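Commentary on secondary and tertiary structure
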Amino acid sequence: VTLTDPIIYVRAVHFGATLMAAGIVFFIVFVGAPSFRAGDDKHACSALRRQLSLIALLSLTVTVISGAAWLVLTAASISDQPPTQVFSGGVAWTVLSQTSFGWDWMVRLLLACLLAVTFVPLLSGRDTMLLTGTAAVMLAATLAGTLAWAGHAAGGLGAEGIIHPAADFLHLIAAVAWVGTLIPLALLLGAVGGNAGSLAIARTATLRFSTLGLVSVTTLLVTGSINTWYLAGSVPALVGTPYGQLLLAKVALFFGMVAIAALNRLRFTPRLVHSASKTEARNALRQLRRNAAIEMLAGAAIICIVAVLGTEPPASHAHQHASYEALPPDAAFIHIHSEQGMADVTITPGHPGMARATIRLWNENFEPLVAREVTFALTVPAAGSTPVKRFASQDSDGAWKVDGVELSQPGNWMVTVGAVLGPSTRLVLEAPIVIEPSDQ
Amino acid sequence: MRTFPTIVALFAIAVGASTARAHAFLENADPLVGSTVSAAPREVSLTFTQNLEPAFSSVTVTDANGAQVSQGKAQIGGNTMRVRLKALAPGSYKVHWHALSVDTHTTEGNFTFHVGGR
């Protein structure tokens, strides 16, 4: 994980701002407006509306600016040019007009502009809610959901190419409905005073938020599982790669948030709603506010993890990086994986006789790993045998080769690759490789 | 909260190892990577694990002296990339590909194939 990459921070800001802007729309339509009608505290209502309008407009502006920064950094990374030159060279325009990422970005810019238009009636509080509300929710949901096509979900083929982005689309909308509505909820709970009309607002808001949360959590669980399946793929990949470990941290935070939400729903919400004593209701209100703050912190941490995850190679390809089908059918092949680096070892032909071994070294980001010296050893599948060690020579294409490797018998041979990476850094990778019996 | 990884792990076991891929990697090649073909191929065809962005993906083929033997720009559609070749004499040829996946990540690689007995 390289935390110096600016795209991580741009992604975090963009995700956060999108969730915030869309979350306020969801909150006003599904929670805020019905609560204001249920209670009677004109002063608190109008103060809250003003606050939310300001945050929503600010968030939408930050969404557009960070989106532009994301485009510039992506164009720079695609074209291998410094970010300052992507406009003069026309690369930014090519990315925008000729790639699916660019088309997604243009659609999202349009959605952001349309959403800004709906903000005027929505946030002013004139109750033309049904039409404006529906339009605003649709626009906000699509603005967040279309982020799916800017990430790993976009790459799949066949059924995966439909299911994965669809799951991601719903996942993002569900995240808006929960994480994005936490800040407005906390503001509402903080704005209402102690009188009866005010408590009625807090009660309706909490109940409605609780229902919205339940739907969101269910959606997040289902779609998150689908995404995990596609991007992690296996348990070793989940536990043994930086991508998988970050994903597990995200899942742990998510369940922590679910635990707090369950506590809110089962204990504090009933106390706030049913309690006859005003003091007890106010205490429950304070607890709910504190828990919303804790959930917000967890949500912010999740957004930061997501920002990093999108730049990491997904765990699933760690074990699929090598392309078995592109190799000649008689080659023996093994991909050896460790945290320090990995090696693709090909032995051609992969049956008894004289063969050539080719070794390619990669770092954890699948960039070629530079080695000063590479040794290659094979151990015959017999008890007490000692490995035959050879030095590999480097080809012009970067691969290390050993010619004239003698394979005396078929079976499970042991491959040991030793690479000198620096004065005191040595990488040793070991794995079995299958040598098939000769056909004729 | 030990149960979280367990739940995820159980789920992952239940669905088994998936066939998921991310980033465009070479899945299949014609001619095959490192292979020796008896007749000179007319084109090199590459299949990737993800769909490609035609505007930012390319393939070139060079001979042992580094002279380009591929003709024109690669034809790119979906997850395949193909490029026409000049008439090839027996010898070693290097294929260098550069792929931009629709998920905005670039990958590149190269391999050799040989024409004629060796």
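Residues numbered from 1 in each chain as written. Chains lettered and ligands numbered in written order. Predicted model: local features only at pLDDT ≥ 70, side-chain atom pairs only at ≥ 80, totals over all residues. Heavy atoms only, no water.

1. Topic: the overall build of chain B
- Helices and strands together make up the secondary structure of chain B, namely 1 helix and 8 strands.
- In chain B, the succession of helices and strands from N to C terminus is α-β-β-β-β-β-β-β-β.
- Looking at the 118 residues of chain B, the share that counts as buried comes to 45%.
- Put simply, of all contacts in chain B between residues at least 6 apart along the chain, 59% involve residues at least 24 apart. (Helix = DSSP H or I, 4+ residues; strand = E, 2+ residues; numbered from the N terminus. Buried < 20%, exposed > 50% of the residue type's maximum accessible area, 1.4 Å probe, protein only. Contact = heavy atoms within 4.5 Å.)

2. Section: the nonpolar core
- Core analysis: the largest hydrophobic core is formed by 88 residues, its most contacted members being A:Trp70, A:Leu115 and A:Leu188.
- Counting 29 residues, the second largest nonpolar core, distinct from the first, contains A:Val374, A:Trp400, A:Trp413 and A:Ile433. (Core = buried A, V, L, I, M, F, W, Y, C linked by side-chain atoms within 4.5 Å.)

3. Quick look at the sheet that holds strand S7 (residues 91-100) of chain B
All names here are of chain B.
- Strand order across the open sheet formed by 4 strands is S2-S8-S7-S4, with mixed pairing between neighbours. Of all the strands in the sheet, the pair left with one neighbour each is strand S2 (36-37) and strand S4 (58-63).
- The sheet contact formed by S7 and strand S8 (residues 106-115) spans 10 bridges and is antiparallel. Bridge pairing in S8 links Gly 91 to Val 115. (Pairing = 2+ DSSP bridges.)

4. Side note on helix H7 (residues 196-231) of chain A
- Taking 1.5 Å of rise per residue, the 36 residues of H7(A) would be expected to cover 52 Å, and the 50 Å separating its terminal C-alpha atoms lies within 8% of that figure.
- Taken from the residues just after H7(A), A:Gly233 is the one with a positive phi, measuring 85 degrees. (Expected span 1.5 Å × (residues − 1).)

5. Considerations on a nonpolar patch on the surface
- Taken together, A:Val13, A:Leu58 and A:Val62 make up a surface patch of nonpolar side chains, about 250 Å² in accessible area.
- Looking at the secondary structure, you find A:Val13 in helix H1 (residues 6-38). (Patch = residues over 30% accessible without salt bridge, like charges linked within 9 Å, V, L, I, M, F, W, Y side chains within 5 Å. Areas by Shrake-Rupley, 256 points an atom, 1.4 Å probe, with all protein chains shown as cover. Salt bridge = Lys/Arg side-chain N within 4 Å of Asp/Glu carboxyl O.)

6. Points about the pairing of S7(B)
All names here are of chain B.
- Note that S4 and S7 share 6 bridges and pair antiparallel. Of the residues in S7, the one forming a bridge with Val 59 is Trp 97.
- Linking two consecutive strands that pair antiparallel, namely S7 and S8, is a turn of 5 residues; a positive phi of about 70 degrees is found at Thr 104 within it.

7. Re the packing of H7(A) against helix H10 (residues 278-309) of chain A
Residues and elements named next belong to chain A.
- H10 packs onto H7 with a crossing angle of 45 degrees between their chain directions and a minimal axis gap of 12 Å. By the criterion of interaxial angle, the relationship of H7 to H10 is oblique. Regarding H7 and H10, the two cross each other, and that crossing is left-handed. Contact residues: Ala 196, Leu 199, Ala 202, Arg 203 and Thr 206 in H7; Lys 278, Ala 281, Leu 285 and Leu 288 in H10.
- Each residue belonging to the contact of H7 with H10 can be placed in one class, and the counts come to 6 nonpolar, 1 polar and 2 charged. (Axes fitted to C-alpha atoms, helices over the stretch in contact; angles between N-to-C directions. Parallel < 35°, antiparallel > 145°, perpendicular 65-115°, else oblique. Left-handed = near helix turned anticlockwise from the far one by under 90°. Nonpolar A, V, L, I, M, F, W, Y, C, P; charged D, E, K, R; others polar.)

8. Points about the packing of aromatic side chains
All names here are of chain A.
- The final tally for this structure, using the stated rule, is 11 aromatic pairs over all chains.
- For the ring pair Trp 229 and Tyr 230, a centre distance of 5.3 Å and an interplane angle of 25 degrees mean the geometry is stacked.
- With relative accessibility at 9%, the residue Tyr 230 sits in the buried group.
- Put simply, the rings of Phe 15, Trp 70, Phe 101 and Trp 105 pair up and form one aromatic cluster.
- The cationic tip of Arg 108 hangs over the ring face of Trp 105; the distance from NZ or CZ to the ring centre is 5.0 Å. (Phe/Tyr/Trp six-rings, centres within 6.5 Å; stacked < 30°, edge-to-face > 60°. Lys NZ or Arg CZ within 6 Å of the ring centre and 35° of its normal.)

9. A few points about unusual backbone geometry
- Residue A:Pro349 follows A:Thr348 across a cis peptide bond; omega there is -15 degrees.
- Among the secondary structure elements, A:Pro349 is positioned in the loop between strand S2 (342-348) and strand S3 (353-362).
- Going from B:Asp30 to B:Pro31, the amide bond is cis rather than trans, its omega being 0 degrees.
- Within the secondary structure layout, B:Pro31 lies in the loop between strand S1 (26-30) and S2.

10. Focus on the side chain of A:Thr269
Residue and element names in this part refer to chain A.
- Structurally, Thr 269 is set in helix H9 (residues 242-274).
- From its side chain, Thr 269 meets the backbone oxygen of Asn 264 in a polar contact 2.7 Å long.
- Setting aside residues up to four positions removed in sequence, Thr 269 forms contacts with Thr 206, Leu 207, Asn 264 and Leu 288. (Polar contact = N/O pair within 3.5 Å; in protein donor to acceptor, adjacent residues only side chain to side chain.)

11. Regarding the environment of B:Glu43
All names here are of chain B.
- Structurally, Glu 43 can be placed in strand S3 (residues 43-48).
- Through-space distance from the C-alpha of Glu 43 to that of Phe 113 is 12 Å; in sequence the pair is 70 residues apart.
- Not counting the four nearest positions on each side in its chain, Glu 43 is found in contact with Asp 30, Pro 31, Arg 82, Val 83, Arg 84 and Leu 85.
- Looking at Glu 43, its side chain comes within polar contact range of the side chain of Arg 82, at 2.6 Å.

12. Looking at the sheet that holds strand S9 (residues 426-435) of chain A
Residues and elements named next belong to chain A.
- Pairing in this open sheet of 4 strands is antiparallel, and the strands run S5-S4-S8-S9 from one edge to the other. Both outer strands of the open sheet, strand S5 (388-391) and S9, are each paired with one neighbouring strand and no more. Between one strand axis and the next, the sheet turns through 20 degrees on average, direction left out of account.
- Of the pairings in the sheet, the one linking strand S4 (residues 373-379) to strand S8 (residues 411-420) comprises 7 bridges and is antiparallel in character.

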